[in-house]
Structure formats: C-alpha cells, structure tokens
Amino acid sequence: MSFTSRRTFLKTTGAVAAAACVGVGRMEAKPLKQPVGLQIYSVRALMAKDFDGTLSRIRGAGYKVLEAAGYYDHIAADFRKALDKNGMRCVSTHHTLKVLQTELDKWIEYGHAIGLEYMVCSSSGGSHRDPAAKGEPTLDDWRWIAGEFNRIGEKVKAAGMTFGVHNHTPELATLDGVTVYDELLKLTDPMLVVFEMDAGWVYASGHNPADYLSKTPERFPLMHVKDMVRGADGKEKITVLGKGSIDYQPIMRAATGLKYYFVEQEQFDMEPIEEIHVDAEFMRKLSV
C-alpha cells in the first residue's frame, strides 16, 4: 500500500470510527425515566379559583404526578376523587415544620387517604430551639431542627410513608464556618429522613446541585426543578425551563437515586398553564 493510499485509508477509517463513537454517545443518552411531575403550588391562584378545572388543565399540560402544598379546603375523599377523575396521582405533599410539629397525626391520616408516598417539610419557618428567640436560626438551632426532622421522620416511617426535607436558600448558608445543608445531611438519620433538593435554590445560593447529588445520591429521591435568570437588580428570577442559566443535564445525570421530580415555577411571564406546558415538554425532551 502506498503512503498516499495508507493515509487515505487511515483518514477514512478514522472518520468512520469517530462517527461510530458519536452514534454510541447518542444511543447512550436516554430520556428521564421518571414521570414529569408538578408541584401544584405553581398554579395556586388558579387552583383556589377553580380546583377541578385547573386539575384538568394541568393534566392537559402533560402532568400525571403531583406534589401538593395545601388542599384548597377539600376533604381527603374529594381531593382523591378529583385526582382519580383526571387519571392523576399525588405522591408527595408539603407542610411547614410548625405544622408537622403540631398537626402531624392529622396530615398523616389525610396523606393515607389520598395515597401519598412522601411527606415533606417545606420550610423550617425560621424555627428556634427557644420559642422566644428572634431572627434567623443559629447553627445550634439548625442542629435542633435536624433532631426534630429525625423525630418526625420516625413517626412518618411508622405510618408507612417517607419524610423529606425541602430547601430554600437558608439551608445553604454558612454559619460559623459550617454549611447548614451539610450539617442537616450529617445529623439526620438516612433511614428516617430523605431530602428533596430544590435545584433552583441550591444554584441561586452559589452551589452546584450535582456536587451534592454525586456524593450521596441515595439521600435525594425527590427534586424540584426550576430555572433561573439574573435580573437587572442582580437577583435570580425564576423563568420557564430552558430559558435560564441552569443546565439540568448534569444535574439529572448525577441524581441516580431520584424517584420523582416536580416542576415548580413560582413566577410567570405568560399564562401559567401555557408555561408549565413548556416546562413539561422541556423535561420530556431532556436526555441524560
């Protein structure tokens, strides 16, 4: 074989090999296996005005799996009936820490009636070990809160469900050289407490969601997905998925322990149902 022929042969086979590698990469990328879920707090104003009609519109936007944050004055039987009518499931719910401390048995009973798998603390609500204390929780307060999470988690587990913790930005604060989120992960019992990462607020706090997910993916069976764009005031503003700064491909790839994720959009530029439909299509097309 001449040098020219050999060079042509190598270039050709190299191109074929490269094309094959590209093809393999594309074949390995797969859609998310979890169903597209919605935190219905996203459309709370619509739900309050027209509960049944809004559920139907949510279903039409592509969602079969929901997470609640309030039940809009519906008893459990009626809430479940409306879900069943639309072919939907509510697998998780949000309650503040104060509600979970004082009304846990009531909401466990409600959760059983509507088929919940998870009960999640939406916010610590600035809780303190000392009820008379004011201001933001100290690191010692957060350590006490971790103990409360373990206590609540034990009761929720005994009731046949799983207790989780949702974050905003305070959980990502650094106090006395310690990141609160790290302390909560360390002090809560993995057998009693899981975490629902709100990837948007983790990102807005200056952290990389994938870093936490990669270290202990089994602690994160739930996730909130939202996108952020920096406004003129320098603050992060929630926008429709795919229009902001958050790259969800590495985040979802790292979330190997994920069972459910929920779109949560708290601000809208267009009609809310239209935007959550765009969100659902974005997540449906996302591959990892």
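In short, a report on the structure. (Residues numbered from 1 in each chain as written. Predicted model: local features only at pLDDT ≥ 70, side-chain atom pairs only at ≥ 80, totals over all residues. Heavy atoms only, no water.)

So, on to the pairing of strand β4 (residues 118–121). Side chains on a regular strand alternate between the two faces of the sheet. Here β4 shows a buried face lined by Y118 and V120 and a second buried face lined by M119 and C121. Of the pairings in the sheet, the one linking strand β3 (residues 89–95) to β4 comprises four bridges and is parallel in character. Note that in β4 the partner of T93 across the bridge is M119. Chirality of the crossover, the property in question, places the unit of β3, helix α5 (residues 97–114) and β4 among those that are right-handed. Where β4 and strand β5 (residues 162–166) come together, four bridges link them in parallel fashion. Bridge assignment links M119 to a residue of β5, and that residue is F163. Regarding the hand of the β-α-β motif, the stretch spanning β4, helix α6 (residues 139–158) and β5 is right-handed. (Buried < 20%, exposed > 50% of the residue type's maximum accessible area, 1.4 Å probe, protein only. Helix = DSSP H or I, 4+ residues; strand = E, 2+ residues; numbered from the N terminus. Pairing = 2+ DSSP bridges. Right-handed = clockwise from strand over helix to strand, strands pointing away.)

Centre distance and the angle of the planes are the two values used to describe a pair of aromatic rings. On inspection of all chains with the given rule, the structure shows 14 aromatic pairs. Judged by centre distance (5.1 Å) and plane angle (80°), the ring pair of Y181 and Y212 falls under edge-to-face. Taken together, the residues Y181 in helix α7 (residues 180–187) and Y212 in helix α9 (residues 209–215) connect sequence positions 31 residues apart. You'll find Y181 and Y212 in the same group, each marked buried. Residues F195 and F220 carry aromatic rings whose centres are separated by 6.1 Å and whose planes lie at 55° to one another, so their mutual orientation is tilted. Here F195 is found in strand β8 (residues 193–198), whereas its partner F220 is found in the loop between α9 and β9 (222–225), with 25 residues between them in sequence. Like F195, the residue F220 is buried in the burial classification. An aromatic cluster is present here, built from F51, Y71, Y72, F79, W107 and Y110 joined pairwise through their rings. We note R44 situated over the ring of Y41; from NZ or CZ to the ring centre the distance is 3.9 Å. One Lys or Arg, K215, reaches over the ring of Y212 and ends 5.9 Å from the middle of that ring. (Phe/Tyr/Trp six-rings, centres within 6.5 Å; stacked < 30°, edge-to-face > 60°. Lys NZ or Arg CZ within 6 Å of the ring centre and 35° of its normal.)

Next up on the list: the sheet that holds strand β2 (residues 65–68). Read around the closed barrel, eight strands run β1-β2-β3-β4-β5-β8-β9-β12, paired in parallel fashion. Between one strand and the next, the sheet's axes are offset by a mean angle of 30°, whatever the strand orientation. As defined by bridge partners, β9 adjoins strand β12 (residues 260–263) across four bridges and the pair is classed as parallel. Bridging across to β12, V225 finds its partner in V263. Of the strands in this sheet, β4, β5 and β8 are in contact with α6, which crosses β5 at around 145°. (Axes fitted to C-alpha atoms, helices over the stretch in contact; angles between N-to-C directions. Contact = heavy atoms within 4.5 Å.)

The subject of this paragraph is the environment of E266. Looking at the secondary structure, you find E266 in the loop between β12 and α11 (272–285). Between the C-alpha atom of E266 and that of S92, which follows or precedes it by 174 residues, the distance is 18 Å. Discounting residues that sit within four places of it in the chain, E266 has contacts with Y41, R44, W201, K226 and I238. Within the structure, E266 has its side chain in polar contact with the side chain of K226 (distance 3.2 Å). (Polar contact = N/O pair within 3.5 Å; in protein donor to acceptor, adjacent residues only side chain to side chain.)

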